[in-house]
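Structural features, examined
The lines below spell out each chain.
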Amino acid sequence: MNREADLIAPNPTHILFVKKHLTLFWLLYFISVLVGLYGSLKVVISLFGLESDTVHSIMLWYGVNSYGLTWLKDWIFTQDNWLLSLSPFHFLGFLLFGAKPAVVILGGWLIFVLSAFISGIIAWQLNAKRSAFLIPLTLLFLGLYAHSGGLISYSTSHNVTNLFGLATLLLIVKWAQKQNNTTLFLILLLLLAGAISDPWMVPVYNLPIVLVSIVLWLFPITKINRIDCFKLFLTSASSILAAETQVFGALDFLPSMYFRLGSWDTINNNAILLIKDLGGLLNILPFHTSNDFMPAVFSIGIIATLLLVNIVKAVRLNIFAETSYFVFFSFTLFSIGGIVLAFIGSEITAPTLSARFLMNCLYLIVIGLGVLIDLNWKKSTKNQRILFASVVTLFLLSGIASTFHIWKTPGFAIKDMGTNNLIQFLRDNNLSYGYGPFWGSLANAVTAVSKSEIRIRPVYFNRANGMMAGNRPESSRRWYST
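My aim in this report is to walk through the structure given alongside it, one point at a time. Residue positions are counted from 1 within each chain, in the order its sequence is given. At least 70 in pLDDT is required for a residue's local features to be given in this predicted model, at least 80 for side-chain atom pairs to be given and counted, and no such filter applies to totals for whole chains, interfaces and linings, which use all residues. Side-chain measures here rest on the full set of heavy atoms in the structure, leaving out hydrogens and waters.

Note on ring pairs: Phe, Tyr and Trp rings are taken, using the six-membered ring of Trp, and paired if centres are within 6.5 Å. Classes follow the plane angle, with under 30 degrees stacked, over 60 edge-to-face and the rest tilted. Here the structure, examined in full by the defined rule, presents 25 aromatic pairs. A centroid spacing of 5.1 Å and a plane angle of 70° characterise the contact between Trp 61 and Phe 91, whose relative ring orientation is edge-to-face. In this pair, Trp 61 sits in helix α3 (residues 56-67) while Phe 91 sits in helix α5 (residues 86-97), placing the two residues 30 residues apart along the sequence. What makes Trp 61 buried here is its relative accessible area of 16%. Among the aromatic residues, those joined into a cluster by ring pairs are Phe 25, Trp 26, Tyr 29, Trp 124 and Phe 133. The positively charged end of Lys 129 is found above the aromatic ring belonging to Trp 124, 4.3 Å away from the centroid. Here Arg 226 stacks its cationic end above the ring of Trp 217, 4.7 Å away from the centre of that ring. Every helix listed is a DSSP run of H or I at least four residues long, and every strand listed is a run of E at least two residues long, numbered separately from the N terminus. For every residue, the accessible area (1.4 Å probe, protein chains only) is compared with the maximum for its type, and the residue is labelled buried under 20%, exposed over 50%, or partly exposed between those bounds. Geometrically, a lysine NZ or arginine CZ counts as sitting over a ring once it is within 6 Å of the ring centre and also within 35 degrees of the ring normal.

Turning to unusual backbone geometry, a few remarks are in order. Although it is not a glycine, Trp 82 adopts a positive phi angle of roughly 60°. For Trp 82, the position within the fold is in the loop between β1 (75-76) and α5. One non-glycine residue with positive phi stands out, namely Leu 442, at about 50°. Take Leu 442: it is sitting in the loop between β2 (433-437) and α19 (443-449). Using a relative accessible area of 13% as the deciding quantity, one classes Leu 442 as buried.

This part covers the pattern of salt bridges. Any carboxyl oxygen of Asp or Glu that lies within 4 Å of a side-chain nitrogen of Lys or Arg is treated as forming a salt bridge with it. For the coordinates displayed, the defined rule picks out three salt bridges. The shortest N-O distance in the salt bridge between Arg 130 and Asp 374 comes to 3.0 Å. Taken together, the residues span a long stretch of sequence, with Arg 130 in helix α7 (residues 129-140) and Asp 374 in helix α16 (residues 359-376) at a distance of 244 residues.

Our focus in this paragraph is the pairing of β2. For a regular strand, side chains alternate in direction, first toward one face of the sheet and then toward the other. By definition, two strands form a pair when at least two bridges between them are found by DSSP. By the bridge criterion, five bridges tie β2 to strand β3 (residues 455-461) in an arrangement that is parallel. Bridging across to β3, Pro 437 finds its partner in Val 459. For the handedness criterion, the strands are oriented away from the viewer, and a crossover whose path from the first strand over the helix to the second runs clockwise is classed as right-handed. You can see the chain leave β2, run along α19 and come back into β3, and the turn it takes is right-handed.

Here, nonpolar core means buried Ala, Val, Leu, Ile, Met, Phe, Trp, Tyr and Cys residues that are tied together by side-chain atoms lying within 4.5 Å of each other. Core analysis: the biggest nonpolar cluster contains 135 residues, and Ile 122 and Leu 362 have the highest contact counts within it. Here Leu 362 is in contact with Leu 142, Ala 146, Ile 152, Leu 281, Leu 282 and Phe 395, once residues within four sequence places are set aside. By the convention used here, residues are in contact when the closest approach between their heavy atoms is within 4.5 Å.

With that out of the way, let us pick up a nonpolar patch on the surface. Distance thresholds for patches are 9 Å for like charges and 5 Å for nonpolar side chains (Val, Leu, Ile, Met, Phe, Trp, Tyr), applied to residues having over 30% relative accessible area and no salt bridge. Residue-level accessible areas treat just the shown protein chains as cover; the underlying method is Shrake-Rupley with a 1.4 Å probe. A grouping of Leu 207, Leu 211, Ile 214, Trp 217, Leu 218, Phe 219, Ile 221, Phe 230 and Leu 234 is seen on the molecular surface, where their side chains present a nonpolar patch of about 830 Å² in accessible area. Structurally, the position occupied by Leu 211 is in helix α11 (residues 201-218).

Attention now moves to the side chain of Thr 78. In this structure, Thr 78 sits in the loop between β1 and α5. Looking at Thr 78, its side chain comes within polar contact range of the main-chain oxygen of Asp 80, at 2.9 Å. With residues near it in sequence (within four places) discarded, Thr 78 still touches Pro 255, Pro 473 and Glu 474. For this analysis, a polar contact is any N or O atom pair within 3.5 Å, provided that within protein one partner can donate a hydrogen and the other can accept it, and provided that sequence-adjacent residues contribute only side-chain to side-chain pairs.

Time to look at the layout of surface pockets. Remark: the empty space left among the atoms is shown by a probe the size of a water molecule rolled over them. Definitions used for this entry: grid spacing 1 Å over protein atoms alone; cavity, a set of points where a 1.4 Å probe fits but cannot get out; pocket, an open set with protein on both sides within 12 Å along at least 5 of 7 lines; lining residue, one with an atom within 4 Å of a point. Grid points are joined across faces, edges and corners, and a volume is the space filled by probe spheres set on the points. The space that makes up the second largest pocket amounts to roughly 760 Å³. Lining the second largest pocket are 31 residues, and of these Ser 131, Leu 134, Ile 135, Thr 138 and Val 392 lie nearest its centre. Looking at the lining of the second largest pocket, the elements that each hand over two or more residues are α2 (12-47), α7, α14 (293-316), α16 and α17 (382-407).

Quick look at α17 now. Look at α17: 35 Å from first C-alpha to last across 26 residues, which is about the 38 Å you get at 1.5 Å a residue. Remark: the principal bend of α17, roughly 35°, maps to Ala 401. If you check which residues of α17 are buried, you get Phe 388, Val 391, Phe 395, Leu 396, Ser 398, Gly 399, Ser 402, Thr 403, Ile 406 and Trp 407. To estimate how far a helix should reach, multiply one less than its number of residues by 1.5 Å. Bend angle per residue: angle between axes fitted to the 7 residues ending at that residue and the 7 residues starting there.

That is the geometry; function is a separate question.
See the structure below:
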């Protein structure tokens, strides 16, 4: 007998054991993904319905179909105009299914799902294969605060900008591994479309890429040559220039937004809200549903400690010397740091639902922590692995605990915001045209759902004299001049 050959030859029993366990893993993972999709969908349709702010794309659709693209110049956009990011998604849905409320509401959920899976693909591209499967699952089970406060699945929110940003980040990682001009061109298109549509894109995605390119050029610690670094700089810087000049005047009908530093009182207020919001998004207390200060501090402290431990281990293992890791983590640092400084330093006191401005932090922390844990796993002690697994489990349980009461509600009907009842009331009273406050009268929602059979034009009311004025954003100048 050839004993050495017997030792080398595969063991059929062992192979069968591995195949059974792999089959079981994929079955459990597939079921978990389906549960995550089901749960998140239930949350979306239970929280969000068709109201004035969600129908802007339907109103644009009606206007463009009736008057052509010149309608866009008459439309009064909000500062986050969504023209090249969200509107194309909705318009495609309208072409396929008609201008229906479900297209808008479910579009927000679909953008959220796509963002979750792109996050996993980024981890895969960074060779963190185990976390690549866990990250999308973790995001699908996000807690109620991410949906209701962060508007991560709301139809009209900064999450569509995150989708563009995460797709850009994926391309940046690929470019870091293999530089080519085609990838840079795709990066330019995504950065430009995102920044034109939403000013929030610039400090969160465009500017961090500029800073990454400068660091790569000044400190050639990676294999990327300086010419390629300069190309990346030109790509990201030109996207900012084009967005800030509204494509050199071609899109001058879109509004502009400027950042101004706030007072000490405003900065202090915003710093406290930052802790509350970020702690609410990263909550690891499964049965804690409010957004109190101390639980937020606790969650941030645990996550920050976990990040610090893994960063120290990664430095010791010289992980950041690899080009794609250096690019990803330096971008993450600039992106989170940029929005945190902008959030705190703005002259505007952070409003209700201010967590929506911090959603890039949630995505990047989840991706970054997942990648670090994965890369450090083999060098981690048993206790460290237990700690890592415990925090991830608590985060998942926290999300499930905060949304489970919604999962149990029967049916899949989209939340009724009162639009249909108001339409019926106006019909019964032979009312087909009028003016009202943007929110209080469900102005554009009534117009969109009734397909312009009943039209309510949004207006301002002067509190001092009671006089009415038009030109409210998300309306058309034609409504007040003809």
